[in-house]
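Inside the fold
Chain residues, written in single-letter form:
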There are 2 protein chains.
Amino acid sequence: MGAMFLSVFATFSAFTQSEKIDEDALFIRKIHDIALTNSQCYDWLRHLTKEVGHRLSASPQAAAAVEFTRQMLDTLGLDSVWLQPCRVPHWIRGEKEIVRISQSVMGTVELHSLALGNAIGTGERGIAAPVVEVKTFEELEKLGPASVKGKIVFFNRPFDPTKINTFEAYGGAVEQRAWGASEAAKYGAIGVLVRSMASGLDDVPHTGGLAYRDGIEKIPAVAISTNDAELLSSLLQQGEVKVFMRTLCQQFEDEPSYSVVGEIKGSEKPEEIILVGGHLDSWDVGEGAHDDGAGCVQSMGVLQLLKRLNYQPRRTIRCVLFMNEENGLMGGKTYGEEAKRKGEFHLAAIESDRGGFTPRGFTVDGEADVFALRFPAMQPWSDLLEPYGLRIKKGGGGADISPLKSQQALLIGYEPDPQRYFDYHHTHADVFETVNKRELELGTAAITSLVFLIDKYGLEGDGNKN
Amino acid sequence: MGAMFLSVFATFSAFTQSEKIDEDALFIRKIHDIALTNSQCYDWLRHLTKEVGHRLSASPQAAAAVEFTRQMLDTLGLDSVWLQPCRVPHWIRGEKEIVRISQSVMGTVELHSLALGNAIGTGERGIAAPVVEVKTFEELEKLGPASVKGKIVFFNRPFDPTKINTFEAYGGAVEQRAWGASEAAKYGAIGVLVRSMASGLDDVPHTGGLAYRDGIEKIPAVAISTNDAELLSSLLQQGEVKVFMRTLCQQFEDEPSYSVVGEIKGSEKPEEIILVGGHLDSWDVGEGAHDDGAGCVQSMGVLQLLKRLNYQPRRTIRCVLFMNEENGLMGGKTYGEEAKRKGEFHLAAIESDRGGFTPRGFTVDGEADVFALRFPAMQPWSDLLEPYGLRIKKGGGGADISPLKSQQALLIGYEPDPQRYFDYHHTHADVFETVNKRELELGTAAITSLVFLIDKYGLEGDGNKN
């Protein structure tokens with residue numbers, strides 16, 4: 001793109017995005033102007049990633065993240081900022097894991113690996129066994145104990161690359177990571193290797209949580225990079241492959257921790273809460289930049305922008321930075337229980353936990369009656385959001401806000417562009433440098449714009465813009 | 001985003017993009033399936049960037065790029081592949097430029113710089129002079145010869161960060177780079193420094209073409225990084241600043257070169273041409289990955305996908321890889337002249353020259369009567385493109401296809417997400433690694449889908465899908 005000639009300049013004028021010249025359009029325009037010129041979210045993210053770093057629940061960095069974000073919220077002149085206690089699992093990876101092909105047609109090969117979160121360790125001496133590859137739990141069941149007992153099961157079902165939304169591809173593969181260990185243990189497997197939950201082929205292993213089923217023996221589980229998964233699979237086609245794996249993960253007693261909350265009280269309907277949130281914890285690798293540092297600073301940024309604009313909300317706007325989304329969801333669960341206990345009503349809860357990429361819109365979820373009533377109330381806003389490339393459609397809300405669903409909250413997931421998310425998710429590569437400043441700030445503006453519309457018009461259909 | 005719990009799985013099902021189960025929707029779905037599983041465009045881009053490298057017109061690499069793409073098109077089983085001769089400017093940067101603050105309150109400082117394309121050099125000894133900062137040509141005119149004669153003029157108008165589309169911000173600043181040298185020379189300036197055409201603040205200088213106005217003395221012109229522009233501006237507020245600049249650019253006689261063309265002949269209306277294209281040349285830094293290696297491999301990819309799908313086009317589908325978009329547009333101009341001479345009719349021309357990012361849609365341009373007739377014919381396709389996040393709207397076409405506008409072609413610009421483009425544009429940073437494989441392939445699928453619809457239904461309104 002050279003564009004030094006008038007013929008090219010001429011093409012630019014036509015780029016101007018349409019803007020309805022009405023009050024709401026102008027306010028949403030102001031929100032974007034300030035987000036792109038005076039938002040603090042990028043600097044907050046730099047601190048959270050570069051100074052605090054990764055922050056697994058119960059780690060010292062998680063405590064630092066709580067303190068840092070509490071202090072930042074305190075600078076915004078909110079009506080209240082507080083910490084909500086919760087108890088969180090305390091799991092540690094321990095010494096760097098070792099996963100090695102110890103016997104194959106090409107001899108020994110070290111694999112790029114990360115133990116899965118919540119997994120038990122192999123013990124100092126590690127384990128070694130022949131590998132059995134499967135792509136589905138059905139395949140595993142067919143093989144049965146005869147082929148699986150004493151073996152290491154290798155789950156190698158890749159993402160479906162034809163899914164336009166990578167979260168769908170993730171949804172179609174992640175059961176291997178989440179439940180593979182218990183499924184394999186049913187038939188006597190002694191360990192599990194899982195192909196990383198990733199969109200492409202590279203050497204980056206992706207960790208993430210697993211859950212052990214009650215009453216089934218717990219066995220070690222490790223993720224290997226997609227390139228290594230391809231290699232292992234090809235070696236298995238040429239003969240027996242033995243793998244040695246050694247992980248020293250440990251699970252300790254639960255620890256006390258906190259979710260961080262700040263709010264601006266509503267002037268007319270303070271009892272109606274509009275929640276914006278992300279999760280403060282991350283996995284114990286990389287910097288948790290996209291997952292979910294971005295969602296945290298965007299949620300804080302919503303309050304910063306509203307204060308910067310001297311906006312007096314009719315309803316209560318609350319930012320919640322949830323602890324422990326990654327390996328227990330204790331922050332989200334505790335928040336839901338407390339909300340129920342206090343009889344709080346959440347009109348809407350917006351979660352940002354899909355990365356700090358260019359905004360595409362929002363996906364909306366809720367109990368049938370809640371959705372039927374409030375989703376249509378959002379339709380008149382399409383024209384206001386369209387100039388910013390934002391669409392509102394049916395879809396998922398988010399993990400941390402999910403306990404509020406049964407409490408009649410409309411659940412809204414902020415939806416950025418999904419193409420690059422699973423290149424970084426749960427890896428050493430999820431660092432500050434992969435977050436683009438404008439993309440992050442535009443997300444803050446998008447969420448703030450929706451919060452403004454919900455606050456001004458409610459979600460009841462009547463008194464609604466049209 | 002942890003998603004190990006069922007509450008989270010539940011959110012995925014809702015992500016499924018809506019798909020109309022009709023013939024066209026299924027074919028567009030197939031186009032995307034193949035683009036995401038069997039497209040060669042990413043491997044072609046790797047070769048064009050990593051093996052060929054940057055490829056300024058008249059450079060040996062430009063010749064290599066012509067030969068490589070011609071050979072690749074030859075493998076696709078097209079009806080014809082040929083080279084279209086054109087004569088291109090031959091400019092070289094020469095030895096690395098030096099731009100140094102030689103006198104200021106903080107002493108001497110080396111600046112990150114790149115001479116502008118087409119600029120003359122300073123000569124071996126370089127030039128040194130006090131700096132005068134302006135933000136607009138109007139400011140410059142007010143200063144006049146009294147303040148400008150014998151000085152180095154520093155154009156420091158930044159991008160407007162509040163423009164949602166970064167190409168608008170570029171359009172609002174690029175005159176400084178394109179015409180600043182001649183504007184400053186009018187008043188006796190001996191050299192020009194230009195703030196890089198960039199979205200953010202960093203140390204990366206952005207080159208790009210300038211044009212000298214006839215009858216005005218040619219003076220040297222260099223781009224400096226946005227960080228250095230901020231520094232220079234702050235130093236100027238504290239007192240006189242002298243800058244030394246040395247560039248050894250040279251302009252030689254024009255050289256023969258080529259645009260590369262391949263086509264599939266139409267079975268029913270071969271005389272109606274649907275063109276897809278990008279430009280093969282790049283600036284002489286980085287690898288020309290986004291600008292415009294991406295557009296070239298996507299244009300080639302359109303033909304590859306159509307052949308892979310055994311699609312027999314009714315109209316002629318032609319891929320054109322234009323030479324010399326960056327510093328002369330001779331490939332595009334020559335193509336337009338030849339089309340006119342041969343009496344060819346282009347029903348539509350689609351250009352991809354805005355980077356290899358996630359598809360957002362297309363912008364459409366044309367002579368008033370052409371636009372009025374053919375733009376409405378595209379509206380019924382919105383439902384088919386919406387599941388892929390694609391929108392069709394009025395806007396720019398592109399530089400290389402612009403000569404076809406007066407020949408009644410509908411000009412269509414492929415529009416990817418614009419947020420990151422001006423972090424890389426015309427810099428050392430525009431390398432293969434910054435192009436995401438899925439984003440590139442989705443762009444190829446988007447363009448192919450539009451080509452399919454134009455080919456099947458035409459643009460006349462009648463016989464059109466509705």
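This text follows the structure it describes.
What comes next concerns the included structure. (Residues numbered from 1 in each chain as written. Chains lettered and ligands numbered in written order. Predicted model: local features only at pLDDT ≥ 70, side-chain atom pairs only at ≥ 80, totals over all residues. Heavy atoms only, no water.)

Hydrogen bonding along the main chain pairs the strands of a sheet, whether they run parallel or antiparallel. All names here are of chain A. As summarised here, the arrangement of the eight strands in space is β1-β10-β12-β11-β13-β16-β14-β15, forming an open sheet in which the pairing is mixed. One side of each edge strand has no neighbouring strand; the edge strands of this open sheet are β1 (80-92) and β15 (391-394). Between one strand axis and the next, the sheet turns through 25° on average, direction left out of account. Two strands pair when backbone bridges link them, and strand β11 (residues 269-279) and strand β12 (residues 315-322) are joined in this way by eight bridges, in the parallel orientation. Each residue of the ladder has a partner; that of I273, found in β12, is T316. Helix α10 (residues 330-342) contacts β1, β10 (250-264), β11, β12 and β13 (345-351) of the sheet and is inclined by roughly 135° relative to β1. (Pairing = 2+ DSSP bridges. Helix = DSSP H or I, 4+ residues; strand = E, 2+ residues; numbered from the N terminus. Axes fitted to C-alpha atoms, helices over the stretch in contact; angles between N-to-C directions. Contact = heavy atoms within 4.5 Å.)

Contacts between the two partners involve 76 residues from chain A, matched on the other side by 74 residues from chain B. A buried area of about 5600 Å², summed over both sides, lies between chain A and chain B, and 59% of it is on carbon and sulfur atoms. For B:E439, the salt bridge identified is with A:R420, shortest N-O distance 2.9 Å. For the interface between chain A and chain B, the tally reads 20 residue pairs in polar contact (both at pLDDT 80 or more). Secondary structure elements with two or more residues in the side of chain A that touches chain B: α1 (6-13), α2 (23-38), α6 (166-171), α7 (175-185), β14 (359-365), β15, α13 (421-424) and α14 (437-457) of chain A. (Buried area = accessible area lost by both parts, 1.4 Å probe. Salt bridge = Lys/Arg side-chain N within 4 Å of Asp/Glu carboxyl O. Polar contact = N/O pair within 3.5 Å; in protein donor to acceptor, adjacent residues only side chain to side chain.)

The subject of this paragraph is the pattern of salt bridges. Any two side chains of opposite charge can pair, given that their charged atoms come close. Considering all chains together, one arrives at 64 salt bridges over all chains under this definition. We note a salt bridge from A:R157 to A:E175, for which the minimum N-O separation is 2.9 Å. Highlighted residues: A:R157 in the loop between β6 (152-155) and α6 and A:E175 in helix α7, separated in sequence by 18 residues. On the accessibility criterion, A:R157 (18% relative accessible area) is buried. A salt bridge links B:K50 to B:E433; the nearest nitrogen and oxygen atoms lie 2.8 Å apart. One end of the pair, B:K50, is in helix α3 (residues 41-52); the other, B:E433, is in the loop between α13 (421-424) and α14 (437-457), and 383 residues separate them in sequence. (Buried < 20%, exposed > 50% of the residue type's maximum accessible area, 1.4 Å probe, protein only.)

Residues and elements named next belong to chain A. Taken as a whole, helix α3 (residues 41-52) has its buried residues at C41, Y42, W44, L45, L48, T49 and V52. When α3 is viewed along its axis, its buried side chains cluster within an angular range of 160° and face the same direction. One or two positions beyond α3, positive phi appears at G53, with a value near 85°. (Arc of directions from axis to C-beta.)

Okay, the sheet that holds β6(A) next. All names here are of chain A. Across the sheet, eight strands lie side by side as β3-β2-β9-β5-β6-β7-β8-β4; this open sheet has mixed pairing. Whereas interior strands pair on both sides, the edge strands pair on one side only; in this sheet they are β3 (109-110) and β4 (113-115). Strands β5 (127-134) and β6 of the sheet are contacted by helix α5 (residues 137-148), whose axis makes an angle of about 140° with β5.

For the match of chain A to chain B, the screw axis carries a shift of 0.0 Å, the RMSD comes to 0.0 Å, and the turn is 180°. Taken together, the rotation and translation describe the operation of a two-fold axis. Taken together, the interface assignments show that 97% of the residues at the interface of chain A recur at the interface of chain B, consistent with an identical surface on both copies. (Least-squares fit on C-alpha atoms with pLDDT ≥ 70 in both.)

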